[in-house]
Amino acid sequence: MAFGLTNAIMLIGLIAVAIPIIIHLLNRRRFDVVDWGAMQFLQVSEVTRRKVFIEELLLMLLRMGLIAILVLGMALPFAVGSLFDRLGLGDNRDVVLVLDGSTGMSLTDDDNKSIQDKAVEWCKDLLDKMSPGDNVAVLQAREQVVFVVPQLSSDHKRIRKELDKLAAPRGVCDWPQAVETAEALLKNSGRSRREIILVGDGRKAGWSDERTLRRWELLAPQLPQGDAGPRLWAVPLGRTSSEPVPNWSLTSLRSGRARASTTLDFRSTVKVAGQKYEPPYSMRFRVDQIEEPTDTSQIKGSSLPLPSRDDLRDGRLPLTFSHTFEGPGAHLVTLIVEPDSPERKKDKTQIGVPIKDRVAGDNRQDFAVMLPLLPVLLVDGLAPEPGKYRGADFLQVALAPARDKSRLVRARVVPLEELTAALSRDIGPEANTKPRVVVLCDVPRLADDQRETLTQFVNAGGGLLVTHGPRSDLTWYNKELYRGGLGLLPTILDEPNGNEDDPYPTDGVTPDPAAHPLPASFTHAALDLFRGNLSGGLGNARFPRWWKLARPEIGSPSLVVAELTTKYPWMLEKQVGKGRVIQCAVAMDDSWNTNLHRLEVPEFPLLAFELVAYLAGARGIEFNLTPGQPLIYQPLDDESKERATLRPPQGEPVELEGKGDLFVHKDTRLPGVYSLTTSRNRTIYYVVHPDPRGSDDFTPATEAEREQVKELVKLDGYTQDVSQVLAASRQDLWWWLMLGVIGLLCGEVWLTGRIVKGR
Amino acid sequence: MPTASTIRFDPTSLARYGRLALVARGLVEGFLTGAHKSPYKGYSVEFAEHRQYYPGDEIRHIDWRAYGKTDRYYIKEYEEETNLRAHLLVDASGSMAYAGKQQSKFEYAQLVAASLAYLMLHQRDAVGLGTHDTQIRRLIPPKATSKHLLQVLTALEQTQPGGETDLAPIWHQLASQFSRRGMVIILSDCFDKVKPLLKALQHFRYQRHEVLLFHILAPEEIEFPFTKWTQFRNLENAGHKLLVDPSWLRKEYRKNFQEFCTELRESAGKAQVDYHLMRTDQSVDRALGIYLSRRHARR
């Protein structure tokens with residue numbers, strides 16, 4: 001039985017114990033003086049004197065005791081031990097159960113029980129032995145803490161149900177963050193018996209590795225010091241052996257961003273540990289299937305070729321595959337490796353056939369793919385001439401080649417006079433293909449109403465690419481579209497420069513008088529793909545004649561996207577309302593002998609796509625997230641902006657409410673696949689990727705390492721014994737002391753009354 | 001020289017209680033014919049008894065009427081009426097200086113003594129005065145002249161209380177000095193041991209004096225109303241102080257004091273001393289008036 005104080009600072013109040021003595025002494029100092037004759041009657045008997053002395057002493061001691069016990073009670077004393085529980089006088093407690101949610105918890109033993117299964121059993125055993133009024137909250141320690149039972153609750157039945165539905169362990173866990181969260185949960189608890197119980201796999205990784213030790217060190221001062229804080233127990237249920245664990249795992253599945261086409265390349269790595277390599281039972285990927293069918297015969301997916309032993313490098317097998325999606329939209333790609341056959345997984349006791357994988361939580365990786373459909377309206381400054389490529393046709397071919405059925409861009413060329421009408425029409429056969437980007441291809445000038453319509457389009461979030469060529473009317477652009485910086489144009493046109501007839505020097509000595517893009521200046525997000533002077537890159541583009549564009553002043557809303565070798569801007573950008581405008585110093589066609597459309601610049605289609613994609617805002621939303629990163633969806637034109645349903649990896653679907661033009665869901669702590677269903681029943685996939693380091697190291701923490709953590713965060717101990725955790729609970733003593741105060745108060749009143757009555 | 005007017009008493013206030021007089025209950029030996037019975041029987045106006053005739057008696061005192069009826073000679077005897085010799089003994093010890101919220105006990109005793117002196121001189125009794133603490137300070141023999149009142153009042157005026165109390169020896173000494181029987185009126189708080197006091201009172205009685213004991217007390221001494229811590233400084237001994245919490249002393253004090261008063265009263269009663277308690281919060285004329293009325297009724 002040990003004792004402590006939750007609020008030891010209150011002991012300063014013990015000074016108040018001296019108050020009765022001080023009052024007594026003050027009374028003795030402040031007395032009346034009476035010249036008295038009947039002195040002989042003041043001589044009381046020794047018995048009376050002793051009696052009075054004892055009464056006065058008792059009264060003073062009683063008052064001092066009263067103050068002392070009151071102060072002691074306010075210091076919230078507690079006792080540690082099981083005596084009160086044995087006597088049936090124990091208080092209720094508040095307990096926060098923190099379960100490890102890292103991949104290591106999926107480690108199974110021969111009886112097919114994972115550590116998470118054992119952890120849940122342990123927690124249920126604890127619930128069995130707790131008192132009915134005890135409150136429990138349950139957290140799962142992952143990269144971001146997951147609230148399983150977010151508030152302290154005495155509904156043990158519900159807690160059991162939530163434990164049964166615990167999400168599968170994946171990734172790493174951040175124990176210090178989980179302890180901090182648990183402590184915050186208990187901060188408002190009025191009970192002195194507060195426990196944080198950390199149920200984990202006992203691995204070094206995430207508990208006592210160098211990085212986590214530093215985090216423990218940083219956390220320790222934040223936690224309540226001394227006996228004021230909750231008691232902290234660690235329950236390591238994992239293996240104690242440091243032998244390597246047979247394991248196959250997949251690193252995160254990755255892919256490049258979809259660029260113009262619906263075919264994507266994917267890459268991942270298979271890590272093989274704790275065994276000699278033998279090909280896995282199966283390795284496959286699925287598309288647009290979240291749940292694994294329970295019937296193995298129903299498993300669909302494209303099998304990947306099983307890697308050979310020669311592919312193994314340092315226990316790693318690089319894995320790449322590509323897939324062509326049926327069309328634009330959201331897709332989910334799931335990669336699964338199955339090292340052991342289903343029969344072998346069921347019966348791990350088979351002799352002679354070693355188990356390849358004891359950790360099931362890292363055999364699947366998901367990747368969300370969004371192939372946006374980009375409707376682009378190309379406004380040609382020239383009248384169309386059937387059968388001849390000219391003007392905007394080059395850009396249309398670059399963006400949406402007619403033979404490519406998997407194209408993501410829908411592009412249409414319209415003459416200038418149709419601009420206003422075309423803005424309100426779908427460009428492709430599909431719905432939601434109203435123009436998101438307009439390209440003015442060397443348009444001489446716009447009518448006033450066209451300018452107004454275009455301004456409204458950009459202000460509402462549309463993208464505008466303005467290319468200048470021989471037909472651009474300098475005066476009109478500067479006056480009507482730049483408008484002293486208030487218009488759509490990022491900068492003013494200065495003058496055309498260079499000679500379109502200048503030949504390309506072939507002697508290798510004469511400098512080329514024409515302008516070229518300067519890849520070193522490609523710092524803008526729209527051009528990051530082309531950064532660096534790569535062979536065959538945009539640096540090969542040649543502009544014999546080009547418009548001098550004025551460099552924007554400092555503080556101007558415009559910024560340079562890319563420069564020419566002549567040090568003049570090639571492209572500039574300006575944000576207008578919700579939309580963006582990019583102004584280009586050359587026309588993206590064959591005018592002025594520009595070579596953009598020729599084979600010398602194979603990057604031109606990609607450049608056109610990147611610019612269009614940037615202006616359409618297609619790159620703004622992420623679909624592959626890290627835990628805690630908000631999930632965002634921008635509904636299409638025909639979709640409701642008020643309601644959408646999100647199905648998280650665990651738990652019930654969530655109804656999302658639109659905020660402005662967006663749906664935002666911030667609770668993405670749990671790794672896995674989130675699917676959002678729009679009002680038009682379109683499914684958008686989001687994948688919160690777990691940290692693959694969760695599969696790296698299953699070595700248990702050594703005794704010394706455990707002790708180190710114990711010292712740092714003042715752990716009460718490591719144990720697997722439920723009774724030990726419960727027995728060592730703290731017992732609040734303040735209310736016992738308050739009873740004592742009431743008792744002493746009654747005693748004081750009685751004694752005072754007796755003395756007064758006796759006088 | 002102080003005059004009687006400096007003592008703040010109003011003799012006329014006593015008139016409210018009727019024609020009062022301090023009348024001796026027993027016999028007093030006076031030197032003038034007065035209102036009190038003399039122990040000497042003679043041939044005065046008030047018949048007392050008959051006695052047998054002896055040769056040598058004056059023939060004119062023979063009751064011839066009785067001779068006619070009995071054929072024997074009887075002499076008629078008459079009681080002699082004489083004036084009273086009263087001694088006012090005023091305790092001037094330190095304890096009498098206690099005042100409380102009212103006048104001091106000594107001042108009160110002064111007024112009572114002055115009133116009685118006036119009263120008795122008015123009825124042609126002889127009044128003397130003795131003041132004392134541990135020793136006799138002033139002793140004025142009884143006289144019945146009208147100028148004597150001024151002398152008594154002046155002596156009272158000039159007396160200041162002080163010094164320790166040791167009443168019994170003084171009273172013994174005075175009892176020895178007062179040879180002629182009369183009245184002894186003691187004005188004191190009697191803060192001394194009861195037994196020696198009783199013996200002294202008995203000594204007065206032995207000398208055949210009628211003794212009136214006016215026990216003068218302040219109400220604070222009776223009730224002990226103090227609540228705060230108090231330092232009691234002995235009026236009779238400057239170095240003697242006692243710091244006490246009166247609340248825990250009260251009960252014991254009251255008990256002691258009550259016992260003292262009861263013992264004194266009972267002892268006085270047994271010694272045929274007329275005991276009368278006077279509180280300084282009562283007006284002198286009222287207290288004295290009530291006492292004299294009661295005494296007159298008992299006569």
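These numbers come from a predicted model, not from an experiment.

## Things to note about the overall build of chain B
So, step 1. Within chain B, the secondary structure is distributed over eight helices and 11 strands.
So, step 2. Across the 299 residues that make up chain B, the buried fraction comes to 53%.
So, step 3. Contacts spanning at least 24 positions in sequence make up 75% of the contacts within chain B whose residues lie at least 6 apart.
So, step 4. For chain B, the accessible surface area stands at approximately 14500 Å², while carbon and sulfur atoms represent 49% of it.

## Some words on the overall build of chain A
So, step 1. Across its full length, chain A carries 16 helices and 35 strands.
So, step 2. Here chain A holds 759 residues, and the buried ones make up 50% of them.
So, step 3. A fraction of 75% describes how many contacts in chain A between residues 6 or more apart in sequence connect residues 24 or more apart.
So, step 4. Of the roughly 35300 Å² of accessible surface on chain A, 53% is carried by carbon and sulfur atoms.

## A look at the sheet that holds strand S2 (residues 32-36) of chain A
So, step 1. The strand order across the open sheet built from three strands is S2(A)-S9(B)-S10(B), with neighbouring strands paired in mixed fashion. One side of each edge strand has no neighbouring strand; the edge strands of this open sheet are S2 of chain A together with strand S10 (241-244) of chain B. Averaged over all adjacent pairs, the angle separating strand axes in this sheet is 20 degrees, with direction ignored.

## Some details on the interface of chain A and chain B
So, step 1. At the junction of the two partners, chain A supplies 24 residues and chain B supplies 30 residues.
So, step 2. At the boundary of chain A with chain B, total buried surface from both sides reaches about 2800 Å², with 65% on carbon and sulfur atoms.
So, step 3. Applying the counting rule to chain A against chain B returns two salt bridges.
So, step 4. When the shortest N-O distance is used, the salt bridge between Lys228 of chain B and Asp32 of chain A registers 3.8 Å.
So, step 5. The tally of links from chain A across to chain B stands at seven residue pairs in polar contact (both at pLDDT 80 or more).
So, step 6. Elements that contribute at least two residues to the side of chain A that touches chain B include exactly helix H1 (19-29), S2 and helix H2 (46-74) of chain A.
So, step 7. The dominant element in the side of chain A that touches chain B, judged by the number of residues it contributes, is S2 of chain A, at five residues.

## Some details on the confidence of the model for chain B
Do not read the predicted coordinates in detail wherever pLDDT is low.
Residue and element names in this part refer to chain B.
So, step 1. Per-residue confidence for chain B gives a mean pLDDT of 79, with 81% of residues at or over 70.
So, step 2. Between residues 23-35, whose pLDDT stays under 50, and residues either more than four places distant or in other chains, the model counts 58 contacts.
So, step 3. Under the prediction, the complex receives an ipTM of 0.75, its pTM being 0.58.

## Quick word on the pairing of strand S5 (residues 126-132) of chain B
Residue and element names in this part refer to chain B.
So, step 1. Of all seven residues in S5, seven are buried, a share of seventy percent or more.
So, step 2. With burial as the criterion, each face of S5 is covered, one bearing Ala126, Gly128, Gly130 and His132 and the other bearing Val127, Leu129 and Thr131.
So, step 3. Looking at chain direction, strand S4 (residues 85-91) and S5 are connected through seven bridges and run parallel. Of the residues in S5, the one forming a bridge with Ala86 is Val127.
So, step 4. Handedness of the crossover is the feature at issue here: the chain leaves S4, passes through helix H2 (residues 105-122), returns alongside S5, and the resulting connection is right-handed.

## Quick word on the side chain of Asp285 of chain B
So, step 1. The topology assignment puts Asp285 of chain B in helix H8 (residues 284-298).
So, step 2. Engagement of the side chain of Asp285 of chain B in a polar contact is seen with the side chain of Ser283 of chain B, the distance being 2.9 Å.

## Some remarks on the packing of aromatic side chains
So, step 1. Here the structure, examined in full by the defined rule, presents 36 aromatic pairs over all chains.
So, step 2. Seen from their ring centres, Trp36 of chain A and Tyr253 of chain B are 6.0 Å apart, and the 55 degrees between their planes marks the pair as tilted. Residue Trp36 of chain A is located in strand S2, and its partner Tyr253 of chain B is located in helix H7 (residues 246-270); the two belong to separate chains.
So, step 3. The class of Trp36 of chain A is buried, set by a relative accessible area of 0%.
So, step 4. The ring of Tyr614 of chain A carries Arg580 of chain A above its face, with NZ or CZ at 4.2 Å from the centroid.
So, step 5. Residue placement shows Arg706 of chain A over the ring face of Tyr718 of chain A; its charged tip is 5.2 Å from the ring centre.

## Quick word on the nonpolar core
So, step 1. Counting residues in hydrophobic clusters, the biggest one holds 96 residues, and the most contacted among them are Val438, Leu454 and Trp570 of chain A.
So, step 2. Considering each element in turn, this core owes the most residues, nine residues, to helix H13 (residues 604-615) of chain A.
So, step 3. Judged by nonpolar contacts, the second largest core, of 47 residues, contains Leu89, Ile170, Leu174 and Val194 of chain B.

## Notes on unusual backbone geometry
Glycine aside, the phi torsion of most residues is negative, and most peptide linkages are trans.
So, step 1. The residue Arg483 of chain A is not glycine, and still its phi comes out positive at about 50 degrees.
So, step 2. For Arg483 of chain A, the position within the fold is in the loop between helix H12 (474-482) and strand S21 (493-497).
So, step 3. Located in the positive-phi region is Asp71 of chain B, a residue other than glycine, with phi close to 65 degrees.
So, step 4. Topologically, Asp71 of chain B is positioned in the loop between helix H1 (64-70) and strand S3 (74-82).
So, step 5. By relative accessible area, which is 57% here, Asp71 of chain B ends up exposed.

## Things to note about the pattern of salt bridges
All names here are of chain A.
So, step 1. Taken as a whole and judged by the stated rule, the model has 42 salt bridges over all chains.
So, step 2. Notably, a salt bridge pairs Glu162 with Lys165, separated by 4.0 Å at the nearest N-O pair.
So, step 3. Two residues, Lys271 and Asp696, come together in a salt bridge whose shortest N-O distance is 2.4 Å. With Lys271 in strand S11 (residues 263-273) and Asp696 in the loop between strand S33 (683-688) and helix H14 (703-713), this pair connects stretches of sequence that are 425 residues apart.
So, step 4. By sharing partners, the salt bridges in this structure join Asp638, Glu639, Arg680 and Arg682 into a single network.

## Observations regarding helix H6 (residues 175-187) of chain A
Within an α-helix, residues lying three or four positions from one another point in the same direction, as the helix has 3.6 residues per turn.
Residues and elements named next belong to chain A.
So, step 1. In a regular helix each residue adds 1.5 Å, so 13 residues correspond to 18 Å; H6 covers 18 Å between its end C-alpha atoms and thus fits that length.
So, step 2. When we look at burial in H6, the residues that qualify are Trp175, Pro176, Ala178, Val179, Thr181, Ala182, Glu183, Leu185 and Leu186.
So, step 3. On its buried side, H6 packs onto strand S4 (94-100), strand S5 (135-141), strand S6 (146-153), strand S7 (194-200), helix H7 (210-219) and strand S8 (231-236).
So, step 4. Its side-chain oxygen at 3.2 Å from the backbone nitrogen of Gln177, Asp174 defines the N-terminal cap of H6.

## Notes on the sheet that holds S33 of chain A
Residue and element names in this part refer to chain A.
So, step 1. Strand order in the open sheet made by the seven strands is S27-S33-S32-S29-S30-S31-S28, with mixed pairing throughout. Of all the strands in the sheet, just strand S27 (624-625) and strand S28 (631-633) have a single pairing partner and so form its edges.
So, step 2. Summarising the sheet, strand S30 (residues 654-659) and strand S31 (residues 662-665) pair through two bridges and their orientation is antiparallel. For Gly658, the partnering residue across the bridge sits in S31 and is Phe663.

## A short note on empty space enclosed by the protein
Take a probe with the size of a water molecule and roll it over the atoms, and the empty space left behind shows itself.
All names here are of chain A.
So, step 1. Counted by the stated rule, this structure contains five cavities of 30 Å³ or more.
So, step 2. As a volume, the largest cavity reaches approximately 110 Å³.
So, step 3. Mapped by element, the contributors of at least two residues to the lining of the largest cavity are S7 and S8.
So, step 4. The class makeup of the residues in the lining of the largest cavity is eight nonpolar, two polar and four charged.

## Focus on a nonpolar patch on the surface
Residues and elements named next belong to chain A.
So, step 1. A cluster of nonpolar side chains, Leu76, Trp734, Trp735, Trp736, Leu739 and Ile742, forms an exposed patch at the surface whose accessible area comes to about 530 Å².
So, step 2. Structurally, Trp735 is set in helix H16 (residues 734-758).
So, step 3. Taking the relative accessible area as the measure of exposure, Trp735 reaches 31% and is therefore partly exposed.

## Here we look at the confidence of the model for chain A
So, step 1. Model confidence for chain A is summarised by a mean pLDDT of 85, while 93% of its residues fall at 70 or above.
So, step 2. The least confident element of chain A is helix H3 (residues 83-86) of chain A, whose mean pLDDT is 65; the most confident is strand S20 (residues 463-467) of chain A, at 95.

## Brief notes about the pairing of S4 of chain A
Residues and elements named next belong to chain A.
So, step 1. Of all seven residues that make up S4, seven are buried, and the element is covered over most of its length.
So, step 2. Burial along S4 is two-sided: Asp94, Val96, Val98 and Asp100 and Val95, Leu97 and Leu99, pointing in opposite directions, are all buried.
So, step 3. In the sheet, S4 pairs with S5 via seven bridges, with the strands oriented parallel. From the neighbouring strand, Leu99 faces S5, where its bridge partner is Gln140.
So, step 4. Crossover S4 to S5 through helix H4 (residues 115-129) is right-handed.

## Considerations on the environment of Leu218 of chain A
Residues and elements named next belong to chain A.
So, step 1. Among the structural elements, Leu218 can be located in helix H7.
So, step 2. Residue Leu218 is classed as exposed on the basis of its relative accessible area, which comes to 63%.
So, step 3. When the C-alpha atoms of Leu218 and Pro176 are compared, they prove to be 9.1 Å apart, with 42 residues separating the residues in sequence.

Criteria and cut-off values
Residues numbered from 1 in each chain as written. Chains lettered and ligands numbered in written order. Predicted model: local features only at pLDDT ≥ 70, side-chain atom pairs only at ≥ 80, totals over all residues. Heavy atoms only, no water. Helix = DSSP H or I, 4+ residues; strand = E, 2+ residues; numbered from the N terminus. Buried < 20%, exposed > 50% of the residue type's maximum accessible area, 1.4 Å probe, protein only. Contact = heavy atoms within 4.5 Å. Areas by Shrake-Rupley, 256 points an atom, 1.4 Å probe, with all protein chains shown as cover. Pairing = 2+ DSSP bridges. Axes fitted to C-alpha atoms, helices over the stretch in contact; angles between N-to-C directions. Buried area = accessible area lost by both parts, 1.4 Å probe. Salt bridge = Lys/Arg side-chain N within 4 Å of Asp/Glu carboxyl O. Polar contact = N/O pair within 3.5 Å; in protein donor to acceptor, adjacent residues only side chain to side chain. pLDDT = per-residue confidence, 0-100. Right-handed = clockwise from strand over helix to strand, strands pointing away. Phe/Tyr/Trp six-rings, centres within 6.5 Å; stacked < 30°, edge-to-face > 60°. Lys NZ or Arg CZ within 6 Å of the ring centre and 35° of its normal. Core = buried A, V, L, I, M, F, W, Y, C linked by side-chain atoms within 4.5 Å. Expected span 1.5 Å × (residues − 1). 1 Å grid on protein atoms, 1.4 Å probe; cavity = no way out; pocket = protein on both sides within 12 Å on 5 of 7 lines; lining within 4 Å. Points joined across faces, edges and corners; volume = space filled by probe spheres on them. Nonpolar A, V, L, I, M, F, W, Y, C, P; charged D, E, K, R; others polar. Patch = residues over 30% accessible without salt bridge, like charges linked within 9 Å, V, L, I, M, F, W, Y side chains within 5 Å.

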